[in-house]
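Single-letter residue listing:
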2 protein chains.
Amino acid sequence: MTRIEIYDTTLRDGAQREGISFSVLDKLHIAQKLDEFGVDYIEGGWPGANPKDNEFFQRAALNHFKNARLVAFGSTRKAGVAVESDVNIRALLESGAPVVTLVGKSSAPQVEKVLATSLEENIAMVADSIRYLKSKGRAVFLDAEHFFDGFKADKDYSLKVLSAAEKAGADCLVLCDTNGGSLPEEVGEAVRAVVAVAGVPVGIHAHNDAELAVANTLAAVRAGATQVQGTVNGYGERCGNANLCSIIPALKLKIGLDVIDDQRLSRLADLSHFVSEAANLAPDPFLPYVGHSAFSHKAGLHVSGLSRWVFAYQHIDPAAVGNKPRTLVSELAGRANIIQRAQEIGVALSPRSAEAQSLLERVKQLESMGFQYENAEASFDLLVHRAGPGYRAPFELIDFMVVIEKRRRRPTIACEEEEMMSEAIVKVRVNGEVMHTAAEGNGPVNALDLALRKALLPYYPALDAVKLTDFKVRVLEESTGTESLVRVLIESSNGAEEWHTVGASANLIEASWLALVDSLEYFLLNRK
Amino acid sequence: MTRIEIYDTTLRDGAQREGISFSVLDKLHIAQKLDEFGVDYIEGGWPGANPKDNEFFQRAALNHFKNARLVAFGSTRKAGVAVESDVNIRALLESGAPVVTLVGKSSAPQVEKVLATSLEENIAMVADSIRYLKSKGRAVFLDAEHFFDGFKADKDYSLKVLSAAEKAGADCLVLCDTNGGSLPEEVGEAVRAVVAVAGVPVGIHAHNDAELAVANTLAAVRAGATQVQGTVNGYGERCGNANLCSIIPALKLKIGLDVIDDQRLSRLADLSHFVSEAANLAPDPFLPYVGHSAFSHKAGLHVSGLSRWVFAYQHIDPAAVGNKPRTLVSELAGRANIIQRAQEIGVALSPRSAEAQSLLERVKQLESMGFQYENAEASFDLLVHRAGPGYRAPFELIDFMVVIEKRRRRPTIACEEEEMMSEAIVKVRVNGEVMHTAAEGNGPVNALDLALRKALLPYYPALDAVKLTDFKVRVLEESTGTESLVRVLIESSNGAEEWHTVGASANLIEASWLALVDSLEYFLLNRK
């Protein structure tokens, strides 16, 4: 069975999507996740293009990937420049990445109209750059830009570029549908023509401008391509790149190719959600295979059909990709889940008990107020404990106040910190004592955090170890602008373990406060 | 040149999308728009399934469509029921629609497992129903449910259902990939087999569960199908139906088939936006051909390429589908994008000028501070204007202060509004006057918004029309918890047009303030 290699470019081409701006840390986390999932190559960025990508490669070099090889992306040497002295080529070497993907033009009209150099010089640029990087011990893939458009315009030239690359030592010839407008038949025909003459593996890099990126990728694989490039969730410039979350299950479950093992495939939905979280984009519920709605059934006809036969209205078993079927009745947590979770944290609730009933109603009420517990189990666990009769909170809020001041500044210029003042005053009861503390912080939530810790540390010195490692804000009703209901998710860590808490309110300071208090209370509770 | 018929089912299958609920009026407006656009058939709903659909057909009968024929959808008679007395069939006749599409099973396993009747009875159900409706003067299309899965499981039976339908008088045999999991090769092969034996036109109805609905539809057309069913924007159950907004331009511009005239095709983006508005869904900016981002260019490489050749990074001329190219300003972008964008708003900058250079540096500096202009064009435009020598801001901030208080509440319980107090005090200079105003709001940003408007409305009453329609918060450096740098994006509208502004700071109140001020300043600027 042919082995198909998966090449992920979420961190480079995916980051071209309008609205995505990954931090270096986002990129490191995603790379880690991609490696665990089992992709073969992780394209990290374009060294030299911006400082962020340089930092990424420095820090990624310290990671030890289990499955994947790290790839640096860049272009061939400039026209009329010696390859050794080309800054871009030098940046690729300095990135330290073991694999380099070089973008080079393989379309005659593109060379003449856009690159504005001679057809011969373009071929020399491709060959010199590959030969030089190979001489430095790198694996080199050619990213044959505009290959399919070029193949239609001047077949011979496009093939000439590829054979020059192969002679220069390229390890893979990746055919790009850069403008994303090709049709599957065209892609299949061109790939067949290349595979017939190429002595090295052939890859496919498709874009979704005609809503055909997945089909074009599958057509290329049928025609002999063995490396598939794409991004998680199909993120990418314009209409996006080929969506690996749709391609991987199609290759494995529908075409039966060797691409990734079953156990990893069952984490596909998890990978998809992780990356959308890192990009701070709401997961697209309508994504094939991995979307929240991908196996949801609204029509009564379908729901009753499914009750008779699981494949009545499902093209695959949702579990194979880590998804599950839903019947569109209610979104709210069912009684069973709540009992189940309570048991997991050692709170015995009998399904029909009054406690179970009131807890269920409480969860529904809070969810209707914007709370969401599926990514905030610590807050949910607190809810369960608080529902118990004997619960005593480690501290209780009496009052808080926050003052934010901005002085003598034109509003149109981003400020330096010292020009903003954020101060919080907190009054809490701890072990019967009333603590009244104040602190100044870097923003209002930070000020609240510091003031609260001032009040609690004398009683709970262990709190010193707790760090808030992530802070996410989502607006729930987008219709009402600054009056929107907001949800704050906080991730905390004591170095050893992480926990997640949630707060929701029309007031984002209060939403943040609720999540903050849950974080500290949860930590104190679990130390007992 | 073969004529391909377009059959729109946005009002029936499209309405199955999670979150869509059309009113009768919505449906009438959409039908009107589809007719003007020039589709051949408009499937209005399922008479008898719900009162809404009955009312729709009553009222739509009064419309005089210029191009389209109205279609009622329903299922064949029930098993063991005489066709004349089948309530569902009667509702189809009472709808008064000149065309009826009947869904009937064409897959042996579906008949046995789900319908739970005999293979023969299923064929009789299909044939009786068609014959009866034909005898009442209706055109009848068979919607061959699960055809492609059935063709794989028991080819002969699936073809038997079709020939029975044809003998009974069906005017078109529509092959459905009901579960949406088929591959283009499978669809092409099955359609070829049907077209080889069928004496009537063949249609295709695809779903997008494998992200292949458009490819499967094109494969069916290549194999001889002449009726294409789909929905505007690909709305539909689960992952959606075949997207007519991607299929129509592919058939016309890429395959060269006769489907719709150029002038109508140039209103495709308008149709797409109209339907998303009617569905009360934000238009998906990443939709091929019609999306706001479909021809947006972020990478500097691409922008400079486009300035040399319009097809350098575009697969079609955006104007052909009523769309237009956009240049995104971002850290990934170079000088070319910024010059380009400045020109788009009528500020001429020569590429090598000092102004261009300092503006470029300013953008890079602000982006390194967390600002991001690609989805905040209004803020970028202000940046350009402010860079100009003669710019005078319509108002200037002197000070602001925000106080948020929470009193006497256990922090662990989500609060009612009255228990939180948010108050803002603003001092601004307007036309040389200093305005000092205060307001209480539903959260700190809302309070700032109200206080600022209090100060400005006496001078700029037109501001009353400005509403903040969306408010997004993104935490940039996730490593530092509550000290994170945050970016706020605000969407504003005056009813007629929308604009987007950005603010960034370690203090989310300040980030919100900066975006808020830009929104109002941009509005005032553009009124002059």
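Residues numbered from 1 in each chain as written. Chains lettered and ligands numbered in written order. Predicted model: local features only at pLDDT ≥ 70, side-chain atom pairs only at ≥ 80, totals over all residues. Heavy atoms only, no water.

- Named according to an unreviewed UniProt entry, chain A is Citramalate synthase originating from Dehalogenimonas alkenigignens.
- Per UniProt, chain A carries the Catalytic activity (unreviewed entry) text "pyruvate + acetyl-CoA + H2O = (3R)-citramalate + CoA + H(+)". (UniProt positions renumbered as here; feature names shortened; annotations may be inferred.)

1. Remarks on the overall build of chain A
Okay, so step 1: Looking only at helices and strands, chain A has 18 helices and 16 strands in total.
Okay, so step 2: Summarising its shape, the C-alpha atoms of chain A cover approximately 85 × 65 × 40 Å along the three principal directions.
Okay, so step 3: For chain A, buried positions account for 61% of its 528 residues.
Okay, so step 4: Within chain A, counting contacts between residues at least 6 apart in sequence, those at least 24 apart form 66% of the total.
Okay, so step 5: Carbon and sulfur atoms form 52% of the exposed surface of chain A, whose accessible area is close to 19300 Å². (Helix = DSSP H or I, 4+ residues; strand = E, 2+ residues; numbered from the N terminus. Buried < 20%, exposed > 50% of the residue type's maximum accessible area, 1.4 Å probe, protein only. Contact = heavy atoms within 4.5 Å. Areas by Shrake-Rupley, 256 points an atom, 1.4 Å probe, with all protein chains shown as cover.)

2. What about the UniProt feature "domain: Pyruvate carboxyltransferase" (unreviewed entry) in chain A?
Okay, so step 1: Sequence positions flagged by UniProt for "domain: Pyruvate carboxyltransferase" (unreviewed entry) are, in local numbering, residues 4–266 of chain A.
Okay, so step 2: Across residues 4–266 of chain A one finds 44% helix and 17% strand; the C-alpha atoms that close the span lie 18 Å apart.

3. A closer look at the interface of chain A and chain B
Okay, so step 1: At the interface, 123 residues of chain A touch 124 residues of chain B.
Okay, so step 2: Buried surface at the junction of chain A and chain B, both sides included, amounts to about 11200 Å², of which 54% is carbon and sulfur.
Okay, so step 3: Residue E185 of chain A pairs with R222 of chain B through a salt bridge whose shortest N-O separation is 3.0 Å.
Okay, so step 4: For the interface between chain A and chain B, the tally reads 30 residue pairs in polar contact (both at pLDDT 80 or more).
Okay, so step 5: At 12 residues, strand 11 (residues 396–407) of chain A tops the list of elements feeding residues into the side of chain A that touches chain B.
Okay, so step 6: In the side of chain A that touches chain B, the residues fall into 55 nonpolar, 32 polar and 36 charged. (Buried area = accessible area lost by both parts, 1.4 Å probe. Salt bridge = Lys/Arg side-chain N within 4 Å of Asp/Glu carboxyl O. Polar contact = N/O pair within 3.5 Å; in protein donor to acceptor, adjacent residues only side chain to side chain. Nonpolar A, V, L, I, M, F, W, Y, C, P; charged D, E, K, R; others polar.)

4. A look at the packing of helix 15 (residues 354–368) of chain B against helix 16 (residues 377–387) of chain B
Residues and elements named next belong to chain B.
Okay, so step 1: Contact geometry of helix 15 with helix 16 gives a least axis separation of 11 Å together with a crossing angle of 135°. As judged from the angle between their axes, helix 15 and helix 16 are oblique. Both helix 15 and helix 16 take part in a crossing whose hand is right-handed. Contacts between helix 15 and helix 16 involve L359, R362, V363 and L366 on the former and, on the latter, F380, L383, V384 and A387. (Axes fitted to C-alpha atoms, helices over the stretch in contact; angles between N-to-C directions. Parallel < 35°, antiparallel > 145°, perpendicular 65-115°, else oblique. Left-handed = near helix turned anticlockwise from the far one by under 90°.)

5. Quick notes on the pattern of salt bridges
Okay, so step 1: As enumerated under the stated definition, the model contains 44 salt bridges over all chains in all.
Okay, so step 2: Residue R3 of chain A is joined to D40 of chain A by a salt bridge in which the shortest nitrogen-to-oxygen separation is 2.7 Å. Taken together, the residues R3 of chain A in the segment before strand 1 (5–8) and D40 of chain A in the loop between helix 1 (24–37) and strand 2 (41–45) connect sequence positions 37 residues apart.
Okay, so step 3: Its relative accessible area of 13% is what places D40 of chain A among the buried residues.
Okay, so step 4: Across the salt bridge formed by D128 of chain B and R77 of chain B, the nearest N and O atoms sit 3.0 Å from each other. With a gap of 51 residues between them, D128 of chain B in helix 5 (residues 119–135) and R77 of chain B in the loop between strand 3 (69–75) and helix 3 (87–94) connect regions that are remote in the sequence.

6. Things to note about the sheet that holds strand 14 (residues 467–475) of chain A
Residue and element names in this part refer to chain A.
Okay, so step 1: If you walk across this open sheet you meet the 3 strands as 14-15-16, and the pairing is antiparallel. Edge positions in the sheet fall to strand 14 and strand 16 (498–505), since each of these pairs with one other strand and no more. Put simply, the sheet's adjacent strands are angled 20° from each other on average, direction ignored.
Okay, so step 2: Note that strand 15 (residues 486–493) and strand 16 share 8 bridges and pair antiparallel. (Pairing = 2+ DSSP bridges.)

7. Examining helix 4 (residues 108–115) of chain A
An α-helix turns once per 3.6 residues; consequently, residues spaced three or four apart project the same way.
Okay, so step 1: Along helix 4 of chain A, the residues that are buried comprise A108, P109, Q110, V111 and V114 of chain A.
Okay, so step 2: Looking one or two residues past helix 4 of chain A, A116 of chain A carries a phi angle of roughly 55°, positive in sign.

8. Observations concerning the environment of N375 of chain B
Okay, so step 1: Tracing the sequence through the fold places N375 of chain B in the loop between helix 15 and helix 16.
Okay, so step 2: A residue is classified by how much of its surface remains accessible, and N375 of chain B, at 24% relative accessible area, is partly exposed.
Okay, so step 3: It is 16 Å that separates the C-alpha atoms of N375 of chain B and V475 of chain B, two residues lying 100 residues apart in sequence.
Okay, so step 4: Apart from the residues lying within four places of it in its own chain, the contact partners of N375 of chain B are E18 and G19 of chain A together with L489 and H500 of chain B.

9. A few points about unusual backbone geometry
Okay, so step 1: Phi is positive for N233 of chain A, which is not a glycine, with a value near 65°.
Okay, so step 2: Mapped onto the fold, N233 of chain A is located in the loop between strand 8 (227–230) and helix 10 (244–254).
Okay, so step 3: Owing to a relative accessible area of 8%, N233 of chain A belongs among the buried residues under this scheme.
Okay, so step 4: Even without being a glycine, N431 of chain B presents a positive backbone phi close to 45°.
Okay, so step 5: Relative to the helices and strands, N431 of chain B is located in the loop between strand 12 (420–430) and strand 13 (433–441).
Okay, so step 6: Taking relative accessible area as the criterion, N431 of chain B reaches 55% and is therefore assigned exposed.

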